[in-house]
Structure formats: C-alpha cells, structure tokens
Amino acid sequence: NNMLNNNNIPYPIGMRVSIPFMQYSVTTGNGYNYVSNGASGYAGMVSALPAERSSTNQPISLPGLAFELSNYQLSKLTGKGIVTVKNTTAGTVITDGITMAPIDSAYRRLSTAKVINIVSAVLSDAIQPYIGLQDNLMNRNSMTTAITSRLNKLKESLISYYKFDIVTDPSSAKMGIIKVQYVIIPYNEIKEVRNTVSVQESN
C-alpha cells in the first residue's frame, strides 16, 4: 500500500528505500555469529562512496555469500527494484544501484537520489544566513547570488543543468515565507559500455 501524506495523497517514499537481496554470515568481535540480510552491509558501503559515484558495479566486501543468483534471477529482481550482488573477475559487486521509486521515476536511480540529497543540503546551507533578515530586494538579490554560487560549484561534478526562481506573493510575504523553485538535472551514471569491433581485411 502507498504511504499517504496529510491530504491522503500517495507520498513516494521509494526514493529513500533500497531493499537488498543477499545473505551471508557475520562474526562479531566477541565471537557471536549471525546471518545478515545485507541491509547494514549495503548501507555502510553506500555511505562510504564518493558523492558522485553510484553503487552500480562497485565492489562490496561480503564474507561468504550463502547463495549466488543466475543472470535470469538478477534481471528479474533488478526489474522489481531489488538490490542484488554478483560475482565478477573483480570480486563481488552490486548488480545495479536502484531504489524502490516507481520504475518511470528519475529517483529509481540511487545516483539521482544521492545527488538531490546533496543539492538540498547545499541549498539549505546557502539560504540559512538569510533567515531573520528583511524581505527586500537587496537581500533577495544577495540570496540569488549565494544560491547561484553554490549551484555553479555543483555543476562542475554532480549536475549538468539547473535553474531556479525566487517566488514571492503577498500572502506568503505576510507570513515571512520566500519560495524558491528549482529544476535540477543530475549527470547520468554509466550503466554499461558496449563495444563494437570490426575486422578489416589487410591490403
């Protein structure tokens, strides 16, 4: 069932949720053994990745997988938004960095969710100094400059395009509210590289 907001409208929490499908044994420092479902291991692995890197095809250190999935099973589970692992010549890697967002949502990609989280934090940090100041043209222009500066820095590594508008209206102004509307396009991750090789006869 969908999670509902205060207005009983479905709220898409899937962009914040990753469900791993893996199993392995873990031994703690005091000798206690248990079987992990991979949730904590995957969370730790993702938290250690650089901001600009997805978990797709990234190595994950798991001590002794209990089972290995076939390519067919991997494909089926990935299509359902489940995070899986596969063994490669480089070791155990994440098959695909996905979330439980709807399949047609940009937030289906973990990389997008990570970038937007970072953008939100950076923008919040840029706007915070203006809380408590007067809502006048000078302060709005200064806020615009601060936001632009932060987004330009992110454009070098995380986003390919942005635009924003500071929107004011009388009713919001009376309550001391300024609305900033953003459009952000993150860089897409490389999911696959396809090589085409041709043979040419020698002269």
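One can find the structure itself at the top, above this paragraph.
None of the values given here were measured: they were computed from a predicted structure.

(A) Broad picture of the environment of Val17. Checked against the element boundaries, Val17 lands in the loop between β2 (10–11) and β3 (19–20). Owing to a relative accessible area of 30%, Val17 belongs among the partly exposed residues under this scheme. Here the alpha-carbon distance between Val17 and Val183, two residues 166 residues apart in the chain, equals 23 Å. In this structure, Val17 is in contact with Thr99 and Met100, ignoring residues within four places of it in sequence.

(B) Region of interest: the pairing of strand β7 (residues 85–88). Relative to strand β8 (residues 91–94), β7 runs antiparallel, the two sharing four bridges. Residue pairing across strands places Val85 opposite Ile94, the latter belonging to β8. Between β7 and β8, which pair antiparallel in sequence order, lie two residues.

(C) Focus on the pattern of salt bridges. By the definition in use, this model includes four salt bridges. Across the salt bridge formed by Arg109 and Asp96, the nearest N and O atoms sit 2.6 Å from each other. With Arg109 in the loop between β8 and α3 (110–127) and Asp96 in the loop between β8 and α3, this pair connects stretches of sequence that are 13 residues apart. The residues Arg109 and Asp96 share a single accessibility class, namely buried.

What counts, and at which threshold
Residues numbered from 1 in each chain as written. Predicted model: local features only at pLDDT ≥ 70, side-chain atom pairs only at ≥ 80, totals over all residues. Heavy atoms only, no water. Helix = DSSP H or I, 4+ residues; strand = E, 2+ residues; numbered from the N terminus. Buried < 20%, exposed > 50% of the residue type's maximum accessible area, 1.4 Å probe, protein only. Contact = heavy atoms within 4.5 Å. Pairing = 2+ DSSP bridges. Salt bridge = Lys/Arg side-chain N within 4 Å of Asp/Glu carboxyl O.

It is worth stressing that arrangement in space is one thing and function is another; only the former is reported here.
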